[in-house]
Amino acid sequence: MDNRAPPQNSVKLLVGARVSAMLTAMTTPKLVLSSPADILAVVPYLVGFHPADSLVVIGFTGPSLALSTRWDLPAGPGDLDRLAPLFVREGVTMAVLAGYGPEPVVDSAVLEAGRLLEAAGVRVTEALRAEDGRYWSYTCPTIVCCPDEGLPYDPVSSPVAAEAVVHGLVALPDRGSLRRSVEPSAAAAMREVSRAVAGELRARLARQGQPDDAIAAEFVAGGVARVRAAIDLYGSGGRLDDRAAARLGFDLSIIRVRDEAWALLDDAGAHLALWKDLTRRLDPRYAAPAASLLAAAAWRSGDCALAGMAVERALEADGAYSMAHLLRDALIHMLSPASLLDRMPTPDELAAEMGPPRGCWLAPLVTWLSDEPSARAG
C-alpha cells in the first residue's frame, strides 16, 4: 500500500462538477481536467507511476487536494478499514476512486471503499474502473456516457499528461520502475574509491588515537559543511564526484551530521536529487543514512511510494537503523508529514539541543571503518 499527498506549497487539485477538476500550482499554469479520462491521466502523476491492479483514492478538503492513497488489489479482508479514519483525520470531505484491473477484482474494492467513505461522511463524486486503455464509471447513470464496452483513454498522450510533464511531475511506467530508481548502481570505480576513502579515514583515526571531543568537533564541522555544500551543488544541477560522494556517505554515519541534513530538508528538489543519488551510488552496506534521508525528503514532498521504497533500502543496509524504523512506522500508520515537521528542530535548535560534539559521536563511523555492520547505530 502506498500513500501519497501533494507536495507542500506546490500542486493542488481543484474539483468542480462530478467529472470536472483543475490541477494548479503556485507558479505554473493550470491543468484543466474536464472528463474521467483526464482524471485517469493525472492519477499516475499523483502516485508516481502508472498503476496496475490498484485502487487509488483521491481525497479533497473543500476544493483542494488533501491526499491520495494507493492500495494493491485484490484487497484482503479489512485492508481498506484504515481508509475512512485517515480521510476523516485529514478533514477530507470529498473523494474520487479509480480502480485498475479486471472487473471482479476492482468492483468489490471500489464498492467497499465507497461504502466506508460514505459511512464516514465523505462524499464520493466519481468512481472509475480502468483496464486495457478503457474505463467505466460506476456513477454514470446511462449507457450513453458509459457503454458496456467502456470508453477509450490514453494516459500517455493525454494533453493533461503532457502539461503535467511540463510542470515537472513524473510518472514512471510501473511500480517496478520506481523500485529500480533506488536500487544500488555503484560501479567498480565507486567501490574502489569507497575503499580508498575508508582506508584514509581509518589511518587518520589511528594516528589521532582514541577519538576525543576535539576530534569529534573536527569531524562534525567538516561533515556539516559537506552536507550544506552538497545540497547547494545539487540545487544548481551539479553532482558529487565519486570521492566526494563516498566521503559524504561516511560523514552521515555520525548522527549529528545526518540530523543536520534532516533538519535542512525543505521543499527544494535538491534534497531528493542528492539523497537518491547517494542511496544508489554508495556501498550498499553504508546506504542506511542516505536512504533514510531520501525517505524523509520523499515523504515530505508527498511521494510516499518512493519514501516506502527508500525505507526498504535503508533497512536492507541496516535492519536496526532507528530513523528508517521511525519513517516506516509513520508510513504504515499513514501519518501526514506535518505530524513530524512540526516537531523537527531547525539546524540552530539541533546544535543547541545536542550540545558540543563528543568523542562517542564517532563510534558509528569507527564501527563502519571496522566493517562491523551489525553494530551500527541510527
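Every chain begins its residue count from 1, and numbering advances along the sequence as written. Per-residue local features of the predicted model are confined to residues with pLDDT of at least 70, and side-chain atom pairs are confined, for both listing and counting, to 80 or more; whole-chain, interface and lining totals are unaffected and use all residues. Side-chain measures were taken over the full set of non-hydrogen atoms in the model, leaving aside hydrogen atoms and water.

## What about the overall build of the chain?
Right, on to step 1. Of regular secondary structure, the chain possesses 16 helices and 10 strands.
Right, on to step 2. Taking all 378 residues of the chain together, the buried fraction comes to 52%.
Right, on to step 3. At a minimum sequence separation of 6, the contacts of the chain that also span at least 24 residues come to 68%.
Right, on to step 4. In this description, accessible areas are obtained by the Shrake-Rupley approach with a 1.4 Å probe, and a residue is regarded as covered only by the protein chains that are shown. For the chain, the computed accessible surface area is about 16,200 Å², with 57% contributed by carbon and sulfur atoms. Secondary structure elements follow DSSP: runs of H or I no shorter than four residues count as helices, runs of E no shorter than two count as strands, and numbering proceeds from the N terminus. Between buried and exposed lies partly exposed: a residue is buried under 20% and exposed over 50% of the maximum accessible area for its type, with that area taken using a 1.4 Å probe on protein chains only. Two residues qualify as a contact provided that any one of their heavy atoms is within 4.5 Å of a heavy atom in the partner residue.

## Looking at the nonpolar core
Nonpolar side chains tend toward joint burial in soluble globular proteins.
Right, on to step 1. Here the nonpolar core consists of buried residues drawn from Ala, Val, Leu, Ile, Met, Phe, Trp, Tyr and Cys, with membership extended through side-chain atoms lying within 4.5 Å. Membership of the largest hydrophobic core comes to 69 residues, with the highest contact counts inside it found for Phe250, Leu274, Trp275 and Leu278.
Right, on to step 2. Excluding its chain neighbours within four sequence positions, the residues that come into contact with Trp275 are Leu248, Leu252, Ala261, Leu265, Ala290, Leu293 and Leu294.
Right, on to step 3. Ranked by size, the runner-up nonpolar core spans 23 residues in total, among them Leu55, Leu73, Leu80 and Ala109.

## Considering the environment of Arg285
Right, on to step 1. Inspection of the secondary structure puts Arg285 in the loop between α10 (269-281) and α11 (288-301).
Right, on to step 2. Considering only alpha carbons, one finds Arg285 and Asp318, 33 residues apart in sequence, at a separation of 7.5 Å.
Right, on to step 3. Any pair of nitrogen or oxygen atoms within 3.5 Å is treated as a polar contact; in protein, a donor-acceptor pairing is required on top of that, and neighbouring residues in sequence qualify only through side-chain atoms on both sides. Within the structure, the side chain of Arg285 is placed 2.7 Å from the side chain of Asp283, a separation counted as a polar contact.

In short, the description is geometric, and any link to function would need to be established separately.
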